Structure formats: structure tokens, C-alpha cells
Amino acid sequence: MSNFFDKSDLSRKDVDEIVSETLKNCDDGEIYFENSKSESILLDDNKIKSSNYSSDLGFGFRAVSNEVVAYSHSNEISKDALKNSAKNLQSTLKSIKGTYNHEISKSNNKFYDDINPIEQKTLDAKLEVLNNVNDYLRKKDSTVKQVTASFSGEQKSIEIIRSGGEALTDVRPLIRFNVSVMLEKNGRKETGVYGIGGRQSYDEYLKNDNWKNVCEEALRIATVNLDSKPAPAGEMKVVLGPGWPAILIHEAIGHGLEGDFNRKKTSAFHDLMGQKVASEGVTIVDDGTIDKRRGSLTIDDEGTPTERTVLIENGILKNFMQDRLNARLMNTRSTGSGRRESYKHIVLPRMRNTMMLSGNQTQDEMIKSVDKGIFAVSFGGGQVDITSGKFVFNCTEAYEINNGKIGSPIKGATLIGDGPSILKEVSMVGNDMMMDPGIGTCGKAGQGVPVGVAQPSILIDKMTVGGTKL
Amino acid sequence: MIKDEEYLKSKASFCLDLAKKLGATDASVTVGNSISETVSFRNKVLDESNRSDSLAISIETYLGKKKSSITSSNLLDENLKTLIEKCFETTKITPDDEFNSLPDKDLLAKNIKDLNLYDQSHIENDKKIDYLKELEETASIDKKIINTESGFTQNKSNFILANSDGFCNGYKSSSFTASCVAVAKNENSMERDYEFTSKCHLNDISNPSELGKNAAEQTIKKLNPKKIGSDKLSIIFDKRISKGFLSSFAGAISASAIARGTSFLKDKLNQPIFSNLINVIDKPDLIKGMGSKCFDSEGVRSDTLKLVSDGVLINYLVDTYNGKKLKLKSNGRSGGSTNLYFENGNINYDDLLKSHSKILYVTETIGHGTNLVTGDYSVGANGFLIENGEFKYPVNEITIAGNFNEMFKNITLANDLEFKYSVNSPTMMIDGMTVAGK
């Protein structure tokens, strides 16, 4: 555990006093200390291109009164810096009165260990794996023209101190291992990318030469794309594979069910609570409690233990995802979804691991039922316009389907749909739910946080595919 | 108050001295401080205030051709000492890379021009609140506007870049930004749009009622959108979208993408990639420019650079490392382009709207469907359908797709260039793209 005060003129008692004094007329708020250590090591173009180590330390002080949030953060952990921040908060909230809500739920569950993944593997050993990746791919296939491989690891220690002196702490490990390969054949270039990661040591992911499987998968995707044809354009049936394609759920549904957009009534879902928003058989949960997953958290960034929140149950909208502020204003409870990128950022309700649960059909049945459509296996990124509900995502591996059979691979195309209606177009839900490999980062209001997704194969009856072939 | 030059220089020289003492053959340090203060409003009342005081230091140490780096926000000497020791230990076991080096001494910036990038005025939060009140009052006049969110940010930064070849320079900059997002609703639809203003100097930003009025009008215009059928169409890109093609272009001609062979513009130097009416300029020394720089992130002097002349690609954006790989001298573009723009075309905006009987006018794209390796482009879009020069109705839930190799050759530019961002383009038309809809 990080001791945030041992190199400063601050004592724990000073912090308690300043926090309690500043927040005495507020409805909520806390001080959040963070110490993060991170590394990134990159091999590119046959060389170790960069090795960077970073250490970041700071605090963010938040005061909340009714709907108003005042926030101030600094890198300097000192009495002066804290008092300056307190003054800044008080000047914003000078005429405001509230009653501090001390209530915060407790749990003894932990979903990852207090490890520092950076220290658990020597730099030499990491360099060796990266060089092995490069040699392996370049020897394996003469069309390989570029290989990029990277490690990134982090340990983030946080301490939250609330008015009255209550303190909550968490130590969060996170790693990611990524391989990208570019092939060139007959003047055509294509890339394939694959990665793995989560909240445990590098070796948990790399044991039994698992790095080779990551290489194979990146190479396979690039190889498929070398033979891809222009994608079709227009409305058609779409079969999504299991696992990572669930970023469709994340974009189309997830963001629209975050508490802030619904309190502000800017989400297309804000007046649909208790109503049917998806086909029967569709159940979606947001779960922060899955062991060692990228999107899991023992406590959220306000100190609330995370949970498994049912968002949609058998087609019916059941819950939004809430942080403390939006929960209070909407007369409900926090779902442990209050997250921030770092001490430099305010808390927002965010997703953790968003998952559509299995149904009982098979992927084969879905493909066979499609006369003309596409089968999308992997995606790049996605994005949503919360207000209009329109969302997109980009295929990185997809195939055409003709008369119930998988045909040629098609070039990366954007798929576009309408969030509130897309789940009503889901006509089959597979029995093959899978988690993603642990690579997702979600962006909202300029803040990136690690998330996970999962889904079974699904059949969507109508989506617009943004290819070039009419 | 942001940290002054003296403080930043003392931290930088502390680090350089220590790295040298440990045995580093070369080192470079960037140390900076930025303070930003934001006030946000929602539906005409205060929503959030945010003060951010950020220190950052990054250090690179070299041992011959070996290199590694550290970054930190903790500037206490004791912490810096630990980190530099760690950095140098890492450097020792990192393999040689023949292209690693500090920039050539004769390319380093010598005379630092004053580009008027810093305005010392300070706008108090109460004044920001007055501005936002007026902005949201204007934005919410029309009953169809059901939600407004706006913000005002003042940012002040200062930095020093120093290296062991004696370079030690930096400068202050400031920005003042106001923005407004409006949501409009009627029986059939709910839509969102925005407007913003951002300048180095407080006096240059737009007035609040103009900003609010534009945001509201643009949002209301989007109500009752229709989906159109799939088709090959001429597409006009509003200025806020057309600049994105320049950013993609800049990514594709960075020396790093070229050296790695991962750009669709590799091997296209001295070849026509646009029609012969197109010129692209990168101008670092624009007075008060949003992308202006006195030198690049390595300290290399940057001069105005013509990238495309009469449609022909004549320069890449070159930094020291990738320049050495490509046997080119750095042209001071480590960190990318500065103020990048297309020169004006020779048709006016109204004539462009009338140039075809049916045109899709795109005001927003969503998604990340740009592939710089292949040049393939496919994104979600919304905007308006134009028939015979007139805006007919809003359009959404469509995608537009093409490949940059052909799209670039089919660009027609209007003559309405403005310098609002660091990357700027006139209104742009591209013929022959595929629209996917119904």
C-alpha cells in the first residue's frame, strides 16, 4: 500500500480536518489520492523502439452540492496545495447548503491481488518475449513485412478519504500484451492485431508459450484480409460472432444506460425504464465482480463496492448504471459504477464488464438462416451518439453470407444502427457466450477507462453495412 | 500561477546533470506545467467547476545508441533521482538502435520568434459564469431546445525543453475555449449539435450569444431526419469535417508511417496524389495560431513547409529518428504538423452547393473507419440532402465509404478557408463515394 503522506508536510489528521471542514455543507464529496506506476515496452520494425517507465502521483478533491460538482486536482501533495484546492471548491459552492451523506456500502470481496505486475517480470525477460514474437512471425511467413509487439503494465494504488475520516483503499494491477502484424502480397497490404490482458501478472497470460497463440491470431486475421473483397453497401442481415463483437452492446445499449445521460434526459433510453427494449431472450448485465478481468473493480472510484447490475432482463429495461451523484438525484442507489481515468478527472457513471448472456441457438443455425448478409467476427472500435441513439463499429474481420453459407472475406466496413431499436432486431441468441480477450478501453468525456465485454453469437435481422459495393 | 521559466530550467538542469553524472552519453528533458480552470453550465445553472494543476517531466537517457525514457508528475528531487537511476539502468540493458540520437546541432532552433501565443489576462470564474449565462439564454430561446450544456476553459501552460547539447528553450502559451452542446426534441426525434470557439487570446473568442444561437440553430435543423437509399453520390464535407481528411493525410505522410511501410502514401513522393488544383501548407509561425510552434518536440527549427504543390506530394513530416532511417534531414515535425491547411479552391460555397442536382452535405461523422495502411475509409455520417443548391431535409443513420487514393483525386475545394483550428480546410466536395442507407 502506498503511503501518500510520508514525503509531505501533511498528516492524516490534517487531511481529515481539511476534508471534513470543506465538505461540511455539501451533499457528497471526497479526496482521492492516487499513485500509479506504469511501463510500456514496444518492439517495432525489428527493434526495441521504446521503453518507458512512468510514475504519477496526485490528488483530486471533490465537493458535491445538489447537482453542482466542484473539482480541483494537483500533483503536489502538501498542506498548501490541499488548502488551495479547498479554497477553490468553497468559492464555487459559496452560497450552497446540503447534508453530507455518510452512507457507503461495504464488502470484503476482492477481485484481484495486490501485486505490481511490472516488478514480477524482469526487463530482460520481457525483451526476450518481444524479440521471440518478431522472429517467430517473420520466419513463419515471408509476406510478413512489419511486426509490432508491446507490453504495458500498471499498478494503481488509490485511497479515498471521506468527510468524517472514513478511508477506502484499493491496489489495482493491469497488464496488456499486444501483437500487430502487417503483410504485403502482390502490392496489397493488410494488418492483423490481437492482444490479451487483465488484472494479473504477465506470466499468467504468457505461460505455455501462449504468446505464440497471440501471434497466430494476429497473423490469421491479416491473412484473411489479404483476400478480402469490397464490402457490400446497404441494409442486410448480420451475424455477430461471440466475444469481442459485444462492443456492439457496449456502444448501442451500454452508454445509453449510464445514469448521467438519463438524469439529464439526453439519452434515447431515459423514458423507457420497465419497458420492452429488446427481443425476448435478451439479457444484458454489467458486472464489476468477475475475477481478474480488465473491467473488474473491487471498489469503484468513489469507494462503493462493485456488483453485477442487471440492465436488461429478458427484453425489459431494469436498471441504469449509477455513481453516487446521479443515484442521489434519481432517488436510487449507486451500482458501484462511479469511475475516473485518474485523479485528474471527475467521477462519471461508466461500464465495467458489459455482457449479453447466452441463449440456446447455435451459430450454425444463424448462418444457415441468412440468404444474403454478413458474418462479423472481429471489430476495431465503435462510437455512439447518445442523443440520436445512432452507433457505429468497424469490422476488422468479416465475411459475406450467401444462401446460408459463409463466403469470401470482406474489407473493413463500418456498420451503423439505432441503439434503442437494434436489440428488437435480434432474432437469435447463441449458446456460446464468450468474454473478450481483455483489451477494451472505453472513452467518455475525454476519459479512458479499462472495460470488458462478452456475448454469444447473435443474429440481427437488419443493419446498414457501410461498404463500397452497391 | 504557473511555474516560471527559472523553476522549470532548474528542474531540467538538475536532471541533465544527474544523467551525465551517472554516465549517460546524452540526455534530453521536457518539463512543463499547465493550469486550467473550467466552469460548466447545464440548463442555465452552474453544473461543475474544475481546476487542474498539472506538472509533467519526461526524461530520455542515451548510452551511445541505447535509449530509454521515463515520465513523472512528481518533481521532488528525491523522486527524480530514483527515476533517472532507474531510467539509466534500463538504458544499459536496452539493445542498440543505430538511428537513436539527439537532433543534429545545426538544426536546433536558435532565434525564438514571439508568436504572441500567450495572453496574461485571467478570467475569473464569476466572469465565465456571466458568459455562459448569456450563451445559454440565447441557446434556449426556441422551445424545441430541451437541454443545453456549455463550458468555459482557461488554460495556461509553460514548458522548457533542454538537452545535453546545450539546447534550453521554452515558452508560455494560453487558450480560452467556450463551447455549447444543445439537444432539440420534437415528437419524432431527438438530436444534438454543438458550436465552440477557441483562441490564444481572450479578446479573440466569439461572443456568447452568437455561439449559443449557432449551436441552437444547427441542432434544430437536424430534427426529423430521414434515412436515404444506398447510392453513389457527390458529398460535400462541412469545414468541421473536411479538416479530418488533412489530419489523416498528415498521419500517412509522417516519416514514422513511411519508414515502417505502413502508409498508403509510401513511395508516392513527387507523384500526384491530389488533383493539380490542390496545395497543402504547414505553417508553424502563424501569429496567435492554434497550432503554432517555435520549434518541434526535439528542439528542431521548423519553417513553413509546402507538403503538396499542384497536387504533387513534395514533403513528408520528418523527425530525427525516422529521418535518419529514410536518409532525410528533420524538417522540425517531431510531434506532427503545426498549422496545417489546404489553400483555398476557386469556387465559392454557393456555387459548390449547386454543382450537382443531388448532393449529400455531411456535418458529422462517427466511428474510426480510417485505415491508413490501405487508405480504406468507411464511417457513419449525418447531414443534409441538397437538391439543386437547396437544403431539403436532414439525413442520418447512413455510412459513407471510399478509398483515399481515389477520394483525394476527386476533391474540389471552395474558397472559404478560415483559421479556426490547428488543422483547417475550406468546404470540400468529393465525387463518387458510396453512401449506404436503406
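Quick note: structure is the one above.
Let me begin by describing the structure that accompanies this report.

**A short note on the interface of chain B and chain A**
So, step 1. Contacts between the two partners involve 59 residues from chain B, matched on the other side by 66 residues from chain A.
So, step 2. When residues of the side of chain B that touches chain A are traced back to their parent elements, those giving at least two are strand E2 (45-63), strand E3 (66-72), helix H2 (77-93), strand E7 (190-199), strand E14 (376-387), strand E15 (390-403) and strand E18 (428-436) of chain B.
So, step 3. Tallied by class, residues from the side of chain B that touches chain A come to 16 nonpolar, 29 polar and 14 charged.
So, step 4. In this sheet, E3(B) lies alongside strand E2 (residues 47-65) of chain A in parallel orientation, the contact comprising 4 bridges.

**Observations regarding the sheet that holds strand E11 (residues 312-313) of chain B**
Backbone-to-backbone hydrogen bonds join strands into a sheet, with any given pair of strands oriented parallel or antiparallel.
Residues and elements named next belong to chain B.
So, step 1. Taken in spatial order, the 5 strands line up as E11-E10-E9-E12-E17 in an open sheet, and their pairing is mixed. Strands with a single pairing partner mark the edges of an open sheet, and in this sheet they are E11 and strand E17 (423-424).
So, step 2. Two elements, strand E10 (residues 305-309) and E11, share 2 bridges in a ladder whose sense is antiparallel. Within E11, the residue paired with Ser-309 across the bridge is Val-312.

**Details of helix H1 (residues 12-22) of chain A**
Residue and element names in this part refer to chain A.
So, step 1. Those residues of H1 lying buried are Val-15, Val-19 and Thr-22. Seen from one end, H1 has its buried residues packed into an arc of 75 degrees, which puts them on one side. Opposite the buried face of H1, at more than 90 degrees from it, the exposed residues are Lys-13, Glu-17 and Glu-21.
So, step 2. Contacts made by the buried residues of H1 are with strand E1 (28-44), E2, helix H2 (79-92) and strand E4 (144-162).

**Digging into the environment of A:Arg62**
All names here are of chain A.
So, step 1. Tracing the sequence through the fold places Arg-62 in strand E2.
So, step 2. Residue class for Arg-62 comes out buried when judged on the 26 C-beta atoms lying within 10 Å of it.
So, step 3. Along the chain, Arg-62 and Lys-156 lie 94 residues apart, while their C-alpha atoms are 20 Å from each other.
So, step 4. Apart from residues lying up to four places away in sequence, Arg-62 is in contact with Gly-29, Glu-30, Val-69, Tyr-71 and Ile-346.

What counts, and where the lines are drawn
- Residues numbered from 1 in each chain as written.
- Chains lettered and ligands numbered in written order.
- Predicted model: local features only at pLDDT ≥ 70, side-chain atom pairs only at ≥ 80, totals over all residues.
- Contact = placed C-beta atoms within 7 Å.
- Helix = DSSP H or I, 4+ residues; strand = E, 2+ residues; numbered from the N terminus.
- Nonpolar A, V, L, I, M, F, W, Y, C, P; charged D, E, K, R; others polar.
- Pairing = 2+ DSSP bridges.
- Buried ≥ 20, exposed ≤ 12 C-beta atoms within 10 Å, placed from the backbone.
- Arc of directions from axis to C-beta.

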